[in-house]
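So the chains spell out like this:
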Amino acid sequence: MVFKITLKTKSIWRLVVASFTLGVVTAVTIFALIVVNPHLINWSDFMALQTGAVIIRKGEAKSLYDVSLQAKIQNEIINENTIRLLPFRMPPPAAFFLSPLSFLGLVSAYKVFAVFNLLGLFFSVYQVKKLLKWHGFLPYLIAFSYWPAVSTIFKGQISIFILILFTFLFIFINKKRSFFVGVTASLLFNKPQFLLITPFLFGLVENKLKFLYGFLLSSVCLFILSVLLVGFDTMLRYPVFLYLTENPVYGSYMERYSSIFPLFLVIKERFFLSDTFPFLANTFFYLTSVVYFWIRKGKSSLMLSFSVGIVFTLLFGVHIWEHDFSILLLVVFFMAYYWKQTRNLTYLFAFSFLYLLPFLQYLVYPLTIPLGLFAAALFILSSRMQHAFDKVS
């Protein structure tokens with residue numbers, strides 16, 4: 001009798017989760033593909049991606065990082081004078097791969113890109129489910145209700161692509177394929193702030209020489225491809241372009257980032273410190289976190305160590321926005337999975353805290369986000385979390 005009631009309860013729970021999952025996925029898809037405001041697309045991050053794609057399609061690749069040309073292209077795309085430029089700042093290969101979208105109108109291209117983002121999120125969740133042998137619809141419900149992932153889809157960002165890269169980083173580390181970890185890590189040059197994960201990866205891979213070989217070989221190939229696409233002179237100007245466009249005129253508001261960097265800006269202003277203080281402080285604490293990680297990595301499991309690497313990358317990545325928290329979804333999955341397996345409240349707390357953390361910027365003081373990340377990193381590295389994990393590893 002008890003067995004039948006338990007079985008019936010599980011069936012009802014699965015039906016409820018499946019229904020909610022279908023509803024959430026359908027809602028996100030409808031808002032991304034049907035209920036879309038063309039004016040919002042004009043000022044979404046996708047505009048920057050489309051700008052780079054159009055420049056490549058027009059055969060003006062050597063001027064890819066020319067501010068005046070990018071502004072001209074954006075005026076043509078939206079058929080109005082732009083108030084401010086949303087610059088294309090990614091490496092040349094990204095513009096090349098996005099160039100087929102330039103043959104479509106802005107709204108149509110945005111929708112196609114949204115479809116790829118939706119499929120990418122499905123793919124990433126499927127890979128995690130497969131790795132963890134996690135059955136059911138709950139991972140999809142978590143993913144498609146996780147605000148950073150949804151924000152990525154609506155804004156036309158590439159953070160889900162970065163999530164896929166991080167998913168494969170963990171898969172390759174888990175399978176001891178150090179060379180492919182290096183190759184995959186090199187693709188993070190598309191979002192250089194995520195390269196901060198590299199020292200953590202280096203500490204986790206089994207064969208460090210193969211990792212370095214894969215990373216360096218792939219990086220050199222990407223650079224050669226970039227030179228072939230836009231020319232050597234353009235690549236020499238690229239770092240200068242990144243520096244010049246990292247300011248509010250081009251939409252980069254450092255005080256609004258979700259990393260710990262804005263906290264250092266506040267300290268600088270309050271105590272009248274040098275302009276270099278935020279950068280020096282960020283670098284110091286990042287290197288300290290790397291050293292602490294290397295000291296602790298032998299005492300922590302692979303999954304928890306990788307999770308800490310993700311958290312520290314977001315914490316010290318400087319140019320971190322809400323959509324960049326999409327990679328934190330992996331840590332959310334890990335915590336949810338082990339809570340499901342053990343019903344240990346330690347995991348439930350960690351899962352709930354990390355799942356809700358991106359929402360806090362709308363409810364409380366934004367600087368609680370980096371402080372929350374810091375607390376999460378220390379908690380995951382704590383002996384209590386490790387002890388709970390060891391019971392199911």
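Conventions we followed
- Residues numbered from 1 in each chain as written.
- Predicted model: local features only at pLDDT ≥ 70, side-chain atom pairs only at ≥ 80, totals over all residues.
- Heavy atoms only, no water.
- 1 Å grid on protein atoms, 1.4 Å probe; cavity = no way out; pocket = protein on both sides within 12 Å on 5 of 7 lines; lining within 4 Å.
- Points joined across faces, edges and corners; volume = space filled by probe spheres on them.
- Nonpolar A, V, L, I, M, F, W, Y, C, P; charged D, E, K, R; others polar.
- Phe/Tyr/Trp six-rings, centres within 6.5 Å; stacked < 30°, edge-to-face > 60°.
- Helix = DSSP H or I, 4+ residues; strand = E, 2+ residues; numbered from the N terminus.
- Buried < 20%, exposed > 50% of the residue type's maximum accessible area, 1.4 Å probe, protein only.
- Patch = residues over 30% accessible without salt bridge, like charges linked within 9 Å, V, L, I, M, F, W, Y side chains within 5 Å.
- Areas by Shrake-Rupley, 256 points an atom, 1.4 Å probe, with all protein chains shown as cover.
- Salt bridge = Lys/Arg side-chain N within 4 Å of Asp/Glu carboxyl O.
- pLDDT = per-residue confidence, 0-100.
- Contact = heavy atoms within 4.5 Å.

*Asks:* For this particular structure, what's the right way to read empty space enclosed by the protein?
*Replies:* By rolling a water-sized probe across the atoms, one finds the places where empty space is left. Tallied over the full model, the rule gives one cavity of 30 Å³ or more. One number sums up the size of the largest cavity: a volume of about 40 Å³. Every residue along the wall of the largest cavity is listed here: Gln127, Val128, Leu131, Phe166, Thr167, Phe170, Ile171, Leu330 and Phe334. Within the lining of the largest cavity, the residues separate by chemical class into seven nonpolar, two polar and no charged.

*Asks:* How should I be thinking about the packing of aromatic side chains in this particular structure?
*Replies:* For any pair of aromatic rings, the description rests on two quantities: the centre-to-centre distance and the angle between the ring planes. Under the defined criterion, the tally for this structure stands at 39 aromatic pairs. Their ring planes at 75 degrees and their centres at 6.3 Å tell us that Phe200 and Tyr286 sit as a pair that is edge-to-face. A residue pair is termed long-range when its members are at least 10 positions apart, and Phe200 in helix α11 (residues 198-204) and Tyr286 in helix α15 (residues 277-296) qualify at 86 residues. Note on accessibility: Phe200 and Tyr286 belong to one class, buried.

*Asks:* It is not clear to me how a nonpolar patch on the surface should be interpreted in this structure. Could you clarify?
*Replies:* A grouping of Val220, Phe223, Ile224, Leu228, Phe232 and Leu236 is seen on the molecular surface, where their side chains present a nonpolar patch of about 620 Å² in accessible area. Put simply, the parts of the chain that give the nonpolar patch at least two residues each are α12 (208-230) and α13 (232-244). Ranked by residue count, the leading element in the nonpolar patch is α12, at four residues. By the element assignment, Leu236 lies in helix α13.

*Asks:* Looking at this model, I keep getting lost on the confidence of the model for the protein. Mind explaining?
*Replies:* Low-confidence regions, as indicated by low pLDDT, have predicted coordinates that should not be scrutinised in detail. For the protein, the average pLDDT comes to 85, and 85% of its residues sit at 70 or higher. At the low end of the mean pLDDT range in the protein sits helix α21 (residues 383-390), at 52; at the high end sits helix α10 (residues 178-186), at 97. Here residues 389-393 scores under 50 on pLDDT; set against residues more than four positions off or in separate chains, the count is eight contacts.

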